[in-house]
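Examination of the molecular architecture
Spelled out, the chains give:
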Amino acid sequence: MAEPYAEKNYHTDEQRQNLYETVQQFLDRIPMEPETLPRYLQMQGRFPQLSVNNAILMAVQYPTATRYRTLADWQTDGVTVQSGQQPVSILIPDGTYQRSNGSTATKFAVQQVYDITQTDAVSKPEQADLRQTLHAMLMRPVCPVEVIQRSGGAVFVPDGPKVQIGRGMSMEAAIATLSLALAHGELSKFQRDYVPTEQLHALYARSVSYGFCAHYGIQPENYSFQDVGMILRGCNNRELKKHLETIRTGLGTLLDRTEKARTDLIARTSRQEQEER
């Protein structure tokens, strides 16, 4: 998914480097502070189109962001940024450059954006239709989903593969537990050439599910990240970034699958309503 471009704000190399250092400092804290990973997942879930770097930058600078745009974009729509508001700086692609070894790399520019809560626009929180979301998850899953006669919970069964889900849960609990089971399926599908440890795979799936729930405004219960330090102990920042990229990919795949099914569901419902008139 492409990130918004709008105007580019060119800053000094020092300002751009400060953003990279902010990302590195955040990565440093992930194995040491259990609450750091969920902060990232909340932002990546809300804005799945963001790169890992920009999700971190948003989480650090404006963790409550819900809808961001550049100053020019807000002004085009007749929206004014409130006086005294500080912009959030992110990084956007700005062409390429040649490294000293002759290879080509992407060049980045700094872009400043403002959240809707920093403007005079009326912020109306969008509440997802959870029943519709759950229906969409069941329409186009990564593997077959079997509803079984027992109460609560969903599990991923590798032998198949398939997901089994029980009955008698709240809508929020059903979405959370089903997203966790489906996350195992998504990750297993694109990790065929790389088999992480059982603990790391479980952390990936839990993280994907947590971000998925954040996207739909659900606060999942009983999601603990106290084991992050033990699982990621000894990882350098390059390795930590790679772990976050894996989580982002799994999250994006699960969300794309669900949103496509939800679009089909909305279209089908609309056609049925028109036929009944």
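A brief look at the structure comes next.

Rules behind the numbers
- Residues numbered from 1 in each chain as written.
- Predicted model: local features only at pLDDT ≥ 70, side-chain atom pairs only at ≥ 80, totals over all residues.
- Heavy atoms only, no water.
- Pairing = 2+ DSSP bridges.
- Helix = DSSP H or I, 4+ residues; strand = E, 2+ residues; numbered from the N terminus.
- Axes fitted to C-alpha atoms, helices over the stretch in contact; angles between N-to-C directions.
- Contact = heavy atoms within 4.5 Å.
- Parallel < 35°, antiparallel > 145°, perpendicular 65-115°, else oblique.
- Left-handed = near helix turned anticlockwise from the far one by under 90°.
- Nonpolar A, V, L, I, M, F, W, Y, C, P; charged D, E, K, R; others polar.

What the three strands build is an open sheet, ordered β1-β3-β2; its pairing is antiparallel. Sheet topology places β1 (68-70) and β2 (88-98) at the edges, where each strand pairs with a single neighbour. In this sheet, neighbouring strand axes are inclined to one another by 45° on average, regardless of whether the strands run parallel or antiparallel. Direction of pairing for β1 relative to strand β3 (residues 104-115): antiparallel, over a ladder of three bridges. Looking at β3, one finds that Y68 is bridged to D115. The strands that helix α3 (residues 52-61) touches are β1, β2 and β3; relative to β2, the one it contacts most, it runs at about 155°.

Once that is clear, we can look at the pairing of β2. In regular strands, side chains alternate between the two faces of the sheet. Sheet analysis places β2 next to β3, joined by nine bridges and oriented antiparallel. If you follow L91 over to β3, its bridge partner there is V110. Adjacent in sequence and paired antiparallel, β2 and β3 are bridged by five residues, among which G102 carries a positive phi angle near 95°.

Their axes nearest at 9 Å, the elements helix α2 (residues 36-46) and α3 cross at an angle of 110°. Judged on the interaxial angle alone, α3 and α2 are roughly perpendicular. Where α2 crosses over α3, the two elements pack in a sense that is right-handed. Judged by residue contacts, R39, Y40, M43 and Q44 of α2 engage V52, A55, I56, M58, A59 and V60 from α3. Taken together, the residues that form the contact of α2 with α3 break down as eight nonpolar, one polar and one charged.

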